[in-house]
Amino acid sequence: MAGKLALYKDTVVSNFWDLWDYLNGKLTRVNPVVLVVASVGGTYFLIKLRRLLRRSDRPIHKRLMGYVFSWLRCIPQVQRKIDQELSKTRKEVVDSIHKYDTERVFIKELPYDATNTEKILQTAKKYEQMGTFGVNEGRVSGAVYTAYQAEDHLELLAEVFKSYAYSNPLHPDVFPGCRKMEAEVIRIVANLYSGPPDACGTLTTGGTESIMLACLAYRNRAQARGIEEPLMIIPVTAHAAFDKAAGLFNIRVKHIPVDKDSRVDVNAMKRAITRDTCMLVGSAPNFPTGTVDNILAISELGRKYKIPVHVDCCLGGFLVPFMMDAGFNVPVFDFQLPGVTSISCDTHKYGYAPKGSSVILYRSPEYLHHQYFSITEWPGGIYATPTLSGSRSGLTIALTWATLLHFGRNEYIERTKKIVGAAQKLAAAIPKIPGLILHGKADVSVVAFRSEQFNIYAVSDKLNKLGWNLNTLQYPDAIHFCLTYNQARDEVINAFIKDLENVCKEIAASPKKGNDSSTAAIYGLAAQIPDKTLVEDVTHVFLDACYAMPEKGH
Amino acid sequence: MEIAKNFLLLSGETLQIFAHLVEKQLQDIEKSHLLVATLFLTFVITLFGRFRDARKSITTVVKDKFFKVVRSIPYVQKKIDEEIEKIRVDLSHSIHASDNSGVFCSKLPEMGMKTEQVVEMADLYTKMESPKYLEGRVSGAVFSDESEEEMKVYTEVFKRFAWSNPLWPKLFPGVRKMEAEVIRMCCDLMNGGEEACGTMSTGGSMSIILACLAHRNRAYKRGVTRPEIILPSSAHAAFYKAAELFCMHVVQIPVEKKDHKVDPRKIKKSINKNTAMIVGSTPNFPYGSMDDIETISEIAYEYDVPLHVDACLGGFILPFLNASEYEIPKFDFRLRGVCSMSADTHKYGLTPKGSSVVLYKSKEYLHNQYFCHTDWQGGIYASPTLEGSRAGVNIALCWATMLYHGKSSYEQKARAVVDTTRKIRDGIKNIPEFKLQGASDICIVSFTSDKIDIHRFQDMMNRREWQLSALQFPSGVHLMVTLNHTKEGVVEEFLSDCREVVKNIVDNPSKKAEGAAALYGMAQKIPDRSIVREFANAYLDTCYSEPPFVKKTRLE
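- The name recorded for chain B in an unreviewed UniProt entry is sphinganine-1-phosphate aldolase, from Acrobeloides nanus.
- You can read under Cofactor (unreviewed entry) in the UniProt record for chain B the words "pyridoxal 5'-phosphate".

- Per an unreviewed UniProt entry, the recorded name for chain A is sphinganine-1-phosphate aldolase, and the organism is Acrobeloides nanus.
- UniProt lists a comment for chain A under the heading Cofactor (unreviewed entry), and it reads "pyridoxal 5'-phosphate".

See below:
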């Protein structure tokens, strides 16, 4: 055995020297200057190429196409054509946003004199009533999760507003009350998610900030461990906030495909893990299809490879913890799973608090400390903040706190029963409508559907005309209805199913199968354009239009 | 033409001769050695380049490593842990001192509480003893006097817009319009032209972070790989935060000792091809002095680097002052180098907490702040700020406040704040033990002392229920003047208390400061800043902790 090994070693060594001589022989004819320049250049090129390849996980041919396309835009004729198209789009977009503003009176300068109270309230009322969708009648997907003007709840919130409008947890000594309220909200939510005694977290301004903070904490943690270019592994169905965080904080992203049920492919996730991986993500449920990922398996992966796992419960944050008590089946998704290290949960969705509040929880302070920011040498004092903001609205904290206490566990369970019940009713009705296919599993409160027979975006456009506002999805083309407390009534669900049936029938019968609807046009175009900066230009047009003065303003 | 031709020829020849020389030198080396050596060298140089890319300077890295090693000695570690534990107990005591309610909700109540019960409890929390900011006892924090009439309007507006969310402009067209109007009004205040634009945010830090993000992205688009911010040492902590978040490098310029302003010449010297932005403050937070924006703007314009003017504090004072009467230099979009500004509506704009604006000279800059995700399964996704869903109510409240006050009221209030500031400044100037830091002529009076222990001064003022902000490097304190300090008698009482406390300290020079102020004095002397960072963590942890009585009852 030993002899064999020695022999083996000899062969390897002699082979190596043979190769070495061969290389020398080959290279003698090469000019040494060329050799040096070529090897330096080659290495430099390889490093650049690696960096380029690692920067994004979009397929290389798509990126190349986009690159070529962006160069094409430098040609004046092409640019002119694009500008024409964009200005057409701009007009449409501006019209669609400003059409609710019928009076077209725009305040563009601070008035010199104080406006009297009556006038302010009158104008505010007018502005509020510009909205035309029947939120209270359950016509809108998501957006407002509780009865829009529930008298007693609003009365309570207004009372709280009066005492907390100016409070700010940045100064806990000046505002001990709202500091305490935040601590209580964190404890309450941590207990909902079976948090261990060490569990901790902070209140944020919304789901996006909660998610970004988790990504930030894990990036900082990875950097503290010597990982220079951290990578996060997320399902394609994860919320856009993860990609946002990646762009902001320079984290690389690997998107993992989902299976036919719209749950993330855990095996693909396992294969994607590298030593640079700073976090794994699962959603319970995800935004597009309302499907709960296999958190148990992801948690096991995280534990096996010692990688933090973030569970995004932003959307269903105040439904899933109550589903068991409400009599629905839901697999374990919270801190009971040992691999789960953080959870994001929106209190301003099914927690029924006013907009602007969400919670990010960690298993232990070890993770949270990577989220904290402190600067110890600032001339303005030792400065430390728990979240992205400096000053924060103590009001949001107080409103969330008051809402949680006002509702209590029972009311949340009752509402969960109604909302998830309604979603299951709708999900059961979808396959019965000719042409429609349920997209994902509709595990909680979102029901998504698509069609292989006609353009689904046309359905959304037509429903919009009937007063229903749904969300559009892509890859594949689909739409979803996010059910809130406003839809948790039989008459709303029945009316919707009836309208949906009619609309589908109409489109299936139409010659173009709905491909001529306006949303279909936008998404169709966006999918065709390889240069994503062009689609970005269109979204800029949209955002700019939101801040634009109406055309007939004075 | 001839010269150029000759030059080209000459340089070509030189290159050839050089190549030939190198070739001769390298001729004798074995080629494979050459190859391996070159590859190795390139690798090392790349590594070195990466080291340069790291955001810390080499001295900091060495220092950090050194302290890490020292701290790994068990004895040292034990000592430090003991100290930190002591501070943790102190902090816990001071944070929870005011909490005598005896309750702590750690679980959702089974049955919901009635409206009156919740309100009663909220009132209990409000009443937890706290400094009386409405009587002008606190530096900064609350800028409005919360008049009853005002609160009535805001409560009504709150009720209408509590659920609104500008993420859905078609569902909430009203709140969308309000934000557009607030931005237009603010652009107008800062003399931005038609092209000026911006967004609202949740606070000054957010506005600053957004501006840094936009300028970083602009630099990335121009091929800069390690963007730098040129930052006066007096700039707000949020810039350091942004740098940490967005992987930017801070080039810090210490302010001048004589006037606590940044020297524009030093800024000019620091500009290089990586510079993504320059920052100036009007005024800055520690000293309340205004940087020389006019000169900095010209430098920024010359080098085509965006200048951000941080007017978070002065944004709703300076535009309302008569410039010649109050000697206010230009600081806004009238200067051609100014590309972005931040102004807090929730400070001197007097709105409830949670609103601020970030403004840009033109859309070209703003577009670098926007986020869009064109490939998301949940649809094409676009948001103007860091948040997705946003609280529309903050926008509506800001809008209502601006209309409620109008220019005339802001003018009158700005004058009152500045006059009060200058009155306090003159009073402080007359106390021989104190030394003003900077001009202290807008909304902050900042001072230090080399004759008495300023931490002890702060501590003793605190006992008299005056809450001042602590400054460090050098140790100092400042008072941020709000509308509440302009009330009758506040200035006189403050100054007379200052004089009494100073006299007291001079009479008993041996006593030491106590409490948080003492901690400040100590923290400045610790060379290993990671320990101070742990103090900060402990402080934040304490804010979220259960009050001590909870543990006690649990044990019982």
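## Thoughts on the overall build of chain B
- From N to C terminus, chain B includes 19 helices and 13 strands.
- Based on the C-alpha atoms only, the size of chain B along its principal axes is roughly 90 × 65 × 60 Å.
- By the burial criterion, 58% of the 556 residues in chain B qualify as buried.
- Of the contacts formed within chain B by residues at least 6 apart in sequence, a portion of 71% connects residues at least 24 apart.
- Entry remark: accessible area of chain B is about 24,300 Å², with carbon and sulfur atoms responsible for 56%.
- Each charge class in chain B was averaged separately, 72 positive and 70 negative side chains, and the resulting centres sit 3 Å apart.

## Points about unusual backbone geometry
- Cis geometry marks the peptide bond from Ala284 of chain A to Pro285 of chain A, where omega comes out at -5°.
- For Pro285 of chain A, the location among the structural elements is in the loop between β4 (277-283) and α11 (295-305).
- Following Tyr475 of chain A, the chain continues into Pro476 of chain A via a peptide bond in cis, with omega recorded as 0°.
- Residue placement: Pro476 of chain A occurs in the loop between β12 (471-473) and β13 (478-482).
- Although it is not a glycine, Asn191 of chain B sits at a positive phi angle of roughly 60°.

## Focus: the side chain of Thr347 of chain A
- With respect to the helices and strands, the residue Thr347 of chain A is situated in the loop between β6 (340-345) and β7 (358-362).
- When neighbours within four sequence positions are excluded, Thr347 of chain A is seen to be in contact with Phe318, Tyr352, Ala353, Ser357, Ser358, Val359 and Thr400 of chain A.

## Concerning the UniProt feature "modified residue: N6-(pyridoxal phosphate)lysine" (unreviewed entry) in chain B
- Within this structure's numbering, the places UniProt gives as "modified residue: N6-(pyridoxal phosphate)lysine" (unreviewed entry) are Lys347 of chain B.
- Relative accessible area serves as the criterion here: at 16%, Lys347 of chain B is assigned to the buried category.

## Side note on the sheet that holds strand β12 (residues 469-471) of chain B
Residues and elements named next belong to chain B.
- Strands sit in the order β10-β11-β13-β12 across an open sheet of 4 strands; the sheet is antiparallel. This sheet does not close on itself; its edge strands, each paired only once, are β10 (435-436) and β12.
- For β12 and strand β13 (residues 476-480), the ladder comprises 3 bridges, and the chain directions are antiparallel. Looking across to β13, one finds that Ser469 is bridged to His478.
- Across the face of the sheet, helix α14 (residues 392-429) comes into contact with β10, β11 (444-448) and β13 while running at roughly 15° to β11.

What counts as what
- Residues numbered from 1 in each chain as written.
- Chains lettered and ligands numbered in written order.
- Predicted model: local features only at pLDDT ≥ 70, side-chain atom pairs only at ≥ 80, totals over all residues.
- Heavy atoms only, no water.
- UniProt positions renumbered as here; feature names shortened; annotations may be inferred.
- Helix = DSSP H or I, 4+ residues; strand = E, 2+ residues; numbered from the N terminus.
- Buried < 20%, exposed > 50% of the residue type's maximum accessible area, 1.4 Å probe, protein only.
- Contact = heavy atoms within 4.5 Å.
- Areas by Shrake-Rupley, 256 points an atom, 1.4 Å probe, with all protein chains shown as cover.
- Lys, Arg positive; Asp, Glu negative; His and termini not counted.
- Charge placed at Lys NZ, Arg CZ, Asp CG, Glu CD.
- Pairing = 2+ DSSP bridges.
- Axes fitted to C-alpha atoms, helices over the stretch in contact; angles between N-to-C directions.

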